[in-house]
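Close look at the chain arrangement
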Amino acid sequence: MTHSATRTIDGTPIGRVEGEGRLRIELHAGAVASVELRIFEPPRFFEALLRGRAYTEPPDITARICGICPVAYQMSACAAIEDACGMTVGGGLAELRRLLYCGEWLESHALHVYMLHAPDFLGYDGAVAMARDHRSDVERGLRLKRLGNRIMEVVGGRAIHPVNVRVGGFYRLPTAGELGELVHELRWALGAAMATVEWVSGFRAPAFEGDWDLIALAEPGAYPSLGRSVQASSGRLDIDAADFLAHVHERHVAHSTALHSSWAGGEYLVGALARYAISHAALPPQAAMAARDAGLGEMCRNPFQSIVVRSVEMMVACEEAMRIIDGYEAPRTPSVQVAPRAGVGHGVSEAPRGLLYHRYELAADGTIASATIVPPTSQNQAAIEHDLRRFAAENSGLDDATLATRCEQLVRCYDPCISCATHFLDVQVLRR
Amino acid sequence: MTAARPRLAVFKFASCDGCQLTLLDCEDELLALAGSVEITHFLEASSAVLAGPYDLSLVEGSITTAEDRERIRDVRRQSRRLVSIGACATAGGIQALRNMADVTEFTRAVYARPEYISTLATSTAIADHVPVDFELRGCPINRSQLLQVIASFLLGATPALPSSSVCVECKRRGTPCVMVTQGIPCLGPVTHAGCGALCPAYNRGCYGCFGPADTAATAALIPRLRQLRMADDAIVRTFHTFNAAAPAFRDVSTGVGERPA
């Protein structure tokens, strides 16, 4: 092999990610000329088709952007519409929303940790192949995942595209008895999630440090899921959700149906690493202990170790769920009245794979005039490509097949949701 | 030695991934299923991709691009049995709302550089392009129905799933009718069974995510929805959501236009 030649590695579709994408790496004389994470999910035009719909519809409609994180879409949509109507839903209803989100975090993280990510460290094509040699581990992962789904079924009515979420709250409140039935399995799950942290912290992670900033929601005294305050781990950003689009720049690149985000001219990362960096001090007690024992420190910048942080967050979901169920007193009504008015609202929440922003502009009767959605994976795409360029340059001596495999593994570290990433921003934001 | 296991494949077109996730959501059955079939092509679950032919292909998503129009033909050629799963694959999904709008305008509204985007003017069901052996309905599909469909095809049988309306499932579940007892507008009488009548059990009217029942008398429901103070535009929007292009729901706009004198 000669180093003067131009090598192009045009990969097959990337497996074990949600949605479909492809990686293209071009090396010239041993140096990386370009790296493209090509997203070829066909566009589905959610932001266009939301126009003219009623303000009550986005929780059901935007859930369909992503079957992996429908709760995230419902939560950000509700927050944005309630904001537009001058409302905040707090108290017991907000606690139930958090509980529903615990279910989604647990399900999505168990899926990613056990079925999508762990096989890379142990040398398998997927969880089914891995189960031949690691049956009890895979079974533990499936049981954790099943509990996540069960929480969403009890609170949300259905695991994929829950039916019980509405602007203002819920259609029906769960009974204390229904919630109580989850507790026994949650106690098991907390131990199982701790065993997961121990299991994955023993995996050998390649040495690699991201040089991006990390951005996530921050909630006083709590590990974040709902809220309005958006912060950067560097301290260079501390804004309300309403100012999000004033700080995040979007551009549309030729090789992708997703838009790239950047902030202050640089790449940034959202997701588990960002939440951990900003809110590790707010981890519930057992999760904090497990994180310390796993040697995570105050910040983790190695994407390959995100599997450890996600496992710690499974513990967060279990501890939070038990705290909420333990203190549950049924709210007076399943939902509060949200009267429409003309205005603009912004909503953010922490999807399992990172910060998800919604913005709606409503007419006086509640008809949606415009909608803007910034999913986590479009925010991460620039950082992922930036890391791939550095990673491919550091490993350019590898043969094509090995380099392609390693790069694919790096892509999986960010838990990209390519189905979501194809849903974007408004034109005016792009040109900012 | 065991005989060769049937080869199962999963393919994705324009969709949210939720219906193929339903297969991974069969947590109690997944490992047993993987023992009875060879999972040969399931990108979301495995990076190993084996070439066809496949004994059973599950197809998620709708056809919205010229490439996908060709790709589905190729999938069909390689598949002994092909089952389309979910509202996108069986009716075009919510993205079929473009069929009633101007897709060029949609593209301009969402993308800064519309010239980078290539898309068809319509979102259409798999059966509009290739013969389909069975259509499994729902947005998303129901987990136990998916297992029944897979098990039936493995036995060489055609799945027998009820094609009645959601009303039948409410009766079976013992849920008092939300429309009769509480005056909540409900699409249950015209919506395909399969979800287990979830929404009424949550004190909410059915919103039609399984698409029209085989004998949907949609026109007969509209006057009742009007009586319950649903405005005509709200009625049309409700039908024109996740199964907007299914004929019995699509043509509601015509039905709403024909008010009795």
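Counting of residues starts from 1 at the beginning of each chain's written sequence and follows it residue by residue. In the order they appear in the text, chains get letters beginning with A and ligands get numbers beginning with 1. The predicted origin of the model limits local features to residues at a pLDDT of at least 70 and limits the giving and counting of side-chain atom pairs to 80 or more, whereas totals for whole chains, interfaces and linings rest on all residues. To get the side-chain values, all heavy atoms of the structure are used, and hydrogens and water are removed first.

Let's shift gears to the overall build of chain B. Each helix and strand in chain B was counted, giving 13 helices and 5 strands. A compact globule built from 261 residues should have a C-alpha radius of gyration of about 18 Å, and chain B, at 20 Å, falls within 12% of that. Its C-alpha atoms give chain B principal-axis dimensions of roughly 70 × 50 × 30 Å. Contacts are assigned to residue pairs with any non-hydrogen atoms lying within 4.5 Å of each other. In chain B, 71% of the contacts between residues at least 6 apart in sequence involve partners at least 24 apart. Here the open area of atoms and residues is found with the Shrake-Rupley method and a 1.4 Å probe, where only the protein chains shown may cover a residue. Accessible surface computed for chain B: about 10500 Å², of which carbon and sulfur atoms make up 54%. His residues and chain termini do not enter the charge count, which takes Lys and Arg as positive and Asp and Glu as negative. Think of each charge as sitting on NZ of Lys, CZ of Arg, CG of Asp or CD of Glu. Between the centroid of the 25 positive side chains of chain B and the centroid of its 25 negative side chains there is a distance of 5 Å. Going along the chain from the N terminus, every DSSP run of H or I of four or more residues is numbered as a helix, and every run of E of two or more is numbered as a strand. Just to be clear, the radius of gyration here is over C-alpha atoms, and the globule rule we use is 2.2 Å times residues to the power 0.38.

Attention shifts here to the overall build of chain A. Within chain A, the secondary structure is distributed over 16 helices and 15 strands. Oriented by its inertia axes, the alpha-carbon framework of chain A measures out at about 70 × 50 × 35 Å. By the burial criterion, 66% of the 432 residues in chain A qualify as buried. Restricting to contacts in chain A with at least 6 residues of sequence separation, those with at least 24 account for 72%. With the model as given, the accessible surface of chain A reaches about 13900 Å², and the carbon-plus-sulfur share is 48%. For chain A, the separation between the mean place of its 41 positive charges and that of its 51 negative charges on side chains is 3 Å. Exposed residues in this analysis have more than 50% of their type's maximum accessible area, buried residues have under 20%, and partly exposed residues fall in between, with area computed by a 1.4 Å probe over protein chains only.

To continue, consider helix α4 (residues 91-122) of chain A. All names here are of chain A. Helix span is expected to be 1.5 Å times the residue number reduced by one. Between its terminal C-alpha atoms α4 stretches 44 Å, which fits the 46 Å expected from 32 residues at 1.5 Å a residue. Within α4, the axis deviates most sharply at V113, by approximately 35°. Among the 32 residues in α4, 27 count as buried, and that is most of the element. One or two residues past the end of α4 sits G123, with phi positive at roughly 80°. Throughout, bend refers to the angle between the axes fitted to the seven residues that end at a position and the seven residues that start at it.

Moving on, we get to the interface of chain B and chain A. When the parts come together, some accessible area is lost, and that loss is often what is quoted as the size of the interface. With 60 residues of chain B at the interface, the matching set in chain A holds 68 residues. A simple way to read buried area is as the amount of 1.4 Å-probe accessible surface that goes missing from two parts once joined, with both sides added. Here chain B packs against chain A, burying approximately 5500 Å² in sum over the two surfaces, 61% of which is carbon and sulfur. One speaks of a salt bridge when a side-chain nitrogen belonging to Lys or Arg is within 4 Å of a carboxyl oxygen belonging to Asp or Glu. Across the chain B-chain A interface, the total number found is 7 salt bridges. Of the charged contacts, one joins E153 of chain A and R143 of chain B as a salt bridge, the two residues approaching to 2.9 Å between their closest N and O atoms. Whenever a nitrogen or oxygen atom comes within 3.5 Å of another N or O atom, the pair is scored as a polar contact, on the condition that within protein one atom can donate a hydrogen and the other can accept it, and that pairs from neighbouring residues in sequence are kept only if both atoms are in side chains. Taken together, the connections running from chain B to chain A amount to 28 residue pairs in polar contact (both at pLDDT 80 or more). Only α1 (18-24), α2 (30-36), α3 (66-78), α5 (103-110) and α9 (198-201) of chain B provide two or more residues apiece to the side of chain B that touches chain A. Of the residues that constitute the side of chain B that touches chain A, the class distribution is 32 nonpolar, 13 polar and 15 charged. Put simply, Ala, Val, Leu, Ile, Met, Phe, Trp, Tyr, Cys and Pro go in the nonpolar bin, Asp, Glu, Lys and Arg in the charged bin, and everything else, Gly too, in the polar bin.

Residue and element names in this part refer to chain B. Examined at the domain level, chain B breaks down into domain 1 (7-154) and domain 2 (166-256). Domain start and stop positions are those given by an automatic or database domain assignment. Summarising the inter-unit geometry, the C-alpha centres of domain 1 and domain 2 are found 25 Å apart. On the domain 2 side, the residues contacting the 15 residues of domain 1 number 16 residues. Across the interface of domain 1 and domain 2, roughly 1100 Å² is buried in total on both sides, 59% from carbon and sulfur atoms. For domain 1, the biggest contributors to the area lost against domain 2 are M100, R137 and C139; these three give 44% of the whole. Across the domain 1-domain 2 interface, the total number found is 0 salt bridges. Scanning the region where domain 1 abuts domain 2 turns up 4 residue pairs in polar contact (both at pLDDT 80 or more). Looking at the side of domain 1 that touches domain 2, its residues break down into 9 nonpolar, 5 polar and 1 charged.

The next thing to look at is the environment of E38 of chain B. All names here are of chain B. You can see E38 is positioned in strand β2 (residues 38-42). Between the C-alpha atoms of E38 and L97, which are 59 residues apart in sequence, the distance is 37 Å. Contact partners of E38, with chain neighbours within four places excluded, come to R5, P6, R7, L8 and L50.

In this section: the sheet that holds strand β15 (residues 368-374) of chain A. Residues and elements named next belong to chain A. The pairing criterion for strands is at least two bridges between them, as found by DSSP. Read across the open sheet, the 4 strands follow the order β7-β13-β14-β15; overall the sheet is antiparallel. Edge positions in the sheet fall to β7 (226-227) and β15, since each of these pairs with one other strand and no more. Relative to strand β14 (residues 354-362), strand β13 (residues 343-351) runs antiparallel, the two being bridged by 9 bridges. Opposite G345, over in β14, you have Y360 as the bridge partner. Helix axes are fitted to C-alpha atoms over the stretch in contact, other axes to C-alpha atoms as well, and angles between N-to-C directions run from 0 to 180 degrees. In the packing of helix α3 (residues 70-84) onto the sheet, the strands contacted are β7, β13, β14 and β15, and the crossing angle to β13 comes to about 150°.

A few words on the pattern of salt bridges. As enumerated under the stated definition, the model contains 42 salt bridges over all chains in all. D232 of chain B serves as the salt-bridge partner of R226 of chain B, at 2.8 Å between the closest nitrogen and oxygen. Residue R226 of chain B is classed as buried on the basis of its relative accessible area, which comes to 17%. Here R237 of chain B and D233 of chain B are joined by a salt bridge, their closest N and O atoms 3.8 Å apart. Here R237 of chain B and its partner D233 of chain B are both found in helix α11 (residues 232-239), 4 residues apart, which amounts to about one turn of the helix. Residues joined by salt bridges that share partners form a network here, namely E95, R98, E219, E320 and R323 of chain A.

What follows deals with the layout of surface pockets. Space inside the largest pocket adds up to approximately 1200 Å³. The distinction between a cavity and a pocket rests on a 1 Å grid over the protein atoms alone: a 1.4 Å probe fits inside a cavity but cannot get out, while a pocket stays open yet meets protein on both sides within 12 Å along at least five of seven lines, and a residue with an atom within 4 Å of a point counts as lining. Lining the largest pocket are 40 residues, with T56, E57, R166 and Y171 of chain A together with R204 of chain B sitting closest to its centre. Mapped by element, the contributors of at least two residues to the lining of the largest pocket are α2 (58-63) and β4 (165-166) of chain A together with α11 of chain B. It is α11 of chain B that provides the largest number of residues to the lining of the largest pocket, a total of 4 residues. Residues belonging to the lining of the largest pocket are distributed by class as follows: 22 nonpolar, 10 polar and 8 charged. Grid points are joined across faces, edges and corners, and a volume is the space filled by probe spheres set on the points.

A few words on the nonpolar core. Formed by 172 residues in total, the largest nonpolar core has its most connected members in L99, M115, L179, L186 and Y360 of chain A together with L23 and L58 of chain B. A total of 15 residues in this core trace back to one element, the largest contributor, which is α4 of chain A. Counting residues domain by domain, this core receives three or more from each of domain 1 (7-154) and domain 2 (166-256) of chain B. Those residues in contact with L23 of chain B that sit more than four places away from it in its chain are L8, V10, L30, L33, F42, L58, L146 and I150 of chain B. Think of a nonpolar core as a cluster: buried Ala, Val, Leu, Ile, Met, Phe, Trp, Tyr and Cys residues, connected wherever their side-chain atoms sit within 4.5 Å. Core analysis: the next-biggest nonpolar cluster, separate from the first, contains 22 residues, V178, C186, L221 and V252 of chain B among them.

To continue, consider the side chain of R275 of chain A. All names here are of chain A. Its place among the elements puts R275 in helix α10 (residues 272-279). For R275, a relative accessible area of 0% translates into the label buried. Sequence-distant contacts of R275, that is, excluding residues within four places in its chain, are made with W105, H109, A216, Y223, P224, H280, E313, E350, A351, P352 and G354.

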